[in-house]
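# Tertiary structure, described
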Amino acid sequence: MTTDISIVIPVFNEEDNLKELVSRCLNVCNKMDKSFEIILVDDGSTDRSAEIIARTARENSGKVIGIFFNRNYGQHAAVTAGFKESIGDTVITLDADLQNPPEEIPKLVEQIDTGYDVVGSIRTPREDSLFRRAASSLVNKIVQKSTGVRMKDYGCMLRAYRRQVVDAVLQCHERSSFIPVLANRFARNTTEVQVAHARRTAGESKYSLWKLINLQFDLLTSMTTFPLRLLSFLGIFISGTGFALGGYIIMMRFIHGSDWAVGGVFTLFAILFIFIGALFVGMGLLGEYLGRVYDDVRARPRFFVHHVIGRSQSKE
Ligand code: UDP
Ligand code: MG
């Protein structure tokens with residue numbers, strides 16, 4: 001059995017938004033003339049969210065599906081669980097806080113139907129604090145640089161993915177994944193549409209400054225092992241300087257005698273510099289191996305075939 005559209009929504013303590021969220025989603029989907037399922041993933045909420053989801057799922061059996069975590073695992077874990085459960089040809093992710101209006105979903109579906117694999121969205125105008133916007137723009141720049149995929153707004157979770165991209169994301173075994181970035185690896189063509197953005201009306205943002213900083217670290221380390229390589233470069237540079245300085249001091253010691261070297265103190269420094277240099281090179285090397293181990297542990301698919309042309313009949 002398949003469905004046209006799956007909508008995956010992570011929910012963490014959103015009791016005040018759920019009712020409106022579900023009714024607006026159902027409204028939009030019913031108008032779309034496509035089969036659909038709405039998957040609400042309760043990320044270990046401590047308020048009445050789980051209860052509300054359970055009731056909604058029972059009332060709209062077949063259309064609304066509830067998934068319940070035993071505790072809080074984070075938004076992206078919740079989305080991954082939703083992906084696993086979903087059967088739609090197109091999978092949409094959406095936040096539960098109604099900051100991104102569900103009414104924009106048809107816009108995204110339209111783009112997928114024209115052949116895009118991933119459709120992102122740009123929040124215009126963005127209703128978040130200045131600090132959030134500034135941080136977000138910095139992160140977007142870094143992500144663009146290190147993934148090479150030019151998407152303007154990675155932070156916005158109102159996105160659409162083609163089934164095969166979702167399946168590829170599910171094949172990745174890494175722990176801390178940031179889905180929009182991961183998904184883009186498996187997309188051949190991506191686009192972005194402009195969507196409206198509203199202020200959060202009920203509940204509060206689940207991302208404290210600390211959580212945001214953590215997320216950025218996750219993002220950076222999940223995308224690239226470049227920081228490790230940086231350690232190697234730094235090590236080579238420091239050890240080079242250390243060796244040079246050590247050599248210089250020893251040379252000066254022989255030219256100017258032990259008085260110049262304050263009776264061996266400088267020589268001791270020279271040896272120290274050389275050792276520190278060697279230490280950094282060693283750390284850099286360790287880093288290189290660690291990077292490889294990390295790549296292997298993540299076990300991302302080594303390649304991803306987008307499509308095949310020319311086979312006369314399908315293999316099944
Ligand atoms: N969320 C979640 N688990 C968490 C934190 C957040 O499932 O640990 C959900 C939350 O319910 C919402 C979405 O992720 O649907 C985005 O969270 P929020 O609106 O607080 O983030 P912001 O809009 O401030 O970036
Ligand atoms: Mg929000």
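Quick look at the structure, then.

About the thresholds
- Residues numbered from 1 in each chain as written.
- Chains lettered and ligands numbered in written order.
- Predicted model: local features only at pLDDT ≥ 70, side-chain atom pairs only at ≥ 80, totals over all residues.
- Heavy atoms only, no water.
- Buried < 20%, exposed > 50% of the residue type's maximum accessible area, 1.4 Å probe, protein only.
- Helix = DSSP H or I, 4+ residues; strand = E, 2+ residues; numbered from the N terminus.
- Contact = heavy atoms within 4.5 Å.
- Pairing = 2+ DSSP bridges.
- Right-handed = clockwise from strand over helix to strand, strands pointing away.
- Near = heavy atom within 4 Å.
- Polar contact = N/O pair within 3.5 Å; in protein donor to acceptor, adjacent residues only side chain to side chain.
- Areas by Shrake-Rupley, 256 points an atom, 1.4 Å probe, with all protein chains shown as cover.
- Axes fitted to C-alpha atoms, helices over the stretch in contact; angles between N-to-C directions.
- Phe/Tyr/Trp six-rings, centres within 6.5 Å; stacked < 30°, edge-to-face > 60°.
- Lys NZ or Arg CZ within 6 Å of the ring centre and 35° of its normal.
- Core = buried A, V, L, I, M, F, W, Y, C linked by side-chain atoms within 4.5 Å.
- 1 Å grid on protein atoms, 1.4 Å probe; cavity = no way out; pocket = protein on both sides within 12 Å on 5 of 7 lines; lining within 4 Å.
- Points joined across faces, edges and corners; volume = space filled by probe spheres on them.
- Nonpolar A, V, L, I, M, F, W, Y, C, P; charged D, E, K, R; others polar.

### Some points on helix α2 (residues 49-59)
- For α2, the full list of buried residues reads S49, I52, I53, A54, T56 and A57.
- Structurally, α2 contributes buried residues whose contacts are with β1 (3-11), α1 (15-31), β2 (36-42) and β3 (64-68).

### A few points about the pairing of β3
- Of the strand pairs in this sheet, β2 and β3 are connected by 5 bridges, and their pairing is parallel. Paired with L40 across the strands is G66, a residue of β3.
- What joins β2 to β3 is α2, and the crossover it makes is right-handed.

### Section: the site of ligand 1
- Ligand 1 sits among 18 residues. The nearest are D43, D97, R132, S205 and K206.
- Within the side chain of E14, a nitrogen or oxygen atom sits 2.7 Å from an oxygen atom of ligand 1.
- Between ligand 1 and N72 there is a distance of 3.1 Å, counted from an oxygen atom to a side-chain nitrogen or oxygen.
- Within the complex, the protein chains bury 95% of what would otherwise be the 530 Å² of accessible surface of ligand 1.

### Some thoughts on unusual backbone geometry
- For N13, which is not glycine, the phi dihedral falls at a positive 50°.
- Relative to the assigned elements, N13 resides in the loop between β1 and α1.
- For N13, a relative accessible area of 22% gives the class partly exposed.
- Despite not being glycine, L98 shows a phi value in the positive range, around 65°.
- In this structure, L98 sits in the loop between β4 (88-93) and α4 (105-113).

### A closer look at the sheet that holds strand β6 (residues 159-162)
- With mixed pairing, the 7 strands of this open sheet are ordered in space as β3-β2-β1-β4-β6-β5-β7. The open sheet terminates on both sides in strands that have one partner only, identified here as β3 and β7 (190-195). Pairwise comparison of adjacent strand axes, ignoring direction, gives a mean angle of 20° for this sheet.
- In this structure, β4 lies alongside β6, joined through 4 bridges in antiparallel fashion. In the strand pairing of β6, I92 is matched with A160.
- Along the sheet, α1 contacts β1, β2 and β3; its crossing angle with β2, the most-contacted strand, is approximately 160°.

### A look at the packing of aromatic side chains
- All chains considered together, the criterion is met by 2 aromatic pairs.
- With centroids separated by 5.3 Å and ring planes inclined at 90°, the aromatic side chains of F69 and Y73 adopt a geometry described as edge-to-face.
- Between F83 and Y161, the aromatic rings sit 5.6 Å apart at their centres with planes inclined by 75°, giving edge-to-face as the arrangement. Of this pair, F83 sits in helix α3 (residues 75-85) while Y161 sits in strand β6; the two residues are 78 residues apart in sequence, bridging distant segments of the chain. Note on accessibility: F83 and Y161 belong to one class, buried.
- In this structure, K211 packs its charged tip against the face of Y207, placed 5.3 Å from the ring centre.
- Looking at R253, its charged tip hangs above the ring of F254, at a distance of 5.8 Å from the centre.

### With respect to the nonpolar core
- In terms of nonpolar packing, the biggest core is built from 33 residues, with I7, I9, L21, I38, L40, I92 and I105 touching the most fellow members.
- Those elements giving two or more residues to this core turn out to be β1, α1, β2, α2, α4 and β7.
- For this core, the element with the most residues is α1, which contributes 7 residues.
- Discounting residues that sit within four places of it in the chain, I9 has contacts with L21, C25, I38, I39, L40, V41, L94, D95 and A96.
- Grouped together as the second largest cluster of nonpolar side chains are 31 residues, I39, V79, M151 and F186 included.

### Let's talk about the side chain of R163
- With respect to the helices and strands, R163 occurs in helix α6 (residues 163-171).
- Looking at R163, its side chain comes within polar contact range of the main-chain oxygen of G88, at 3.0 Å.
- Leaving out residues up to four positions away in the same chain, R163 has contacts with F83, S86, I87, G88, D89 and V91.

### What to know about the layout of surface pockets
- Put simply, the largest pocket is a space of about 990 Å³.
- What lines the largest pocket is a set of 47 residues, and nearest its centre among them are R132, G155, Y207, L212 and L215.
- For the lining of the largest pocket, the secondary-structure elements that each account for two or more residues are β1, α3, α5 (130-147) and α8 (209-223).
- No other element matches the 10 residues that α8 contributes to the lining of the largest pocket.
- Here the residues of the lining of the largest pocket are counted per class, giving 23 nonpolar, 13 polar and 11 charged.

### What to know about the environment of E204
- As for its position among the elements, E204 is in the loop between β7 and α8.
- Given the relative accessible area of 60%, E204 is considered exposed.
- Sequence-wise, E204 and R123 are 81 residues apart; in three dimensions their C-alpha atoms are separated by 19 Å.

Honestly, that's just the spatial picture; any functional story needs more than this.
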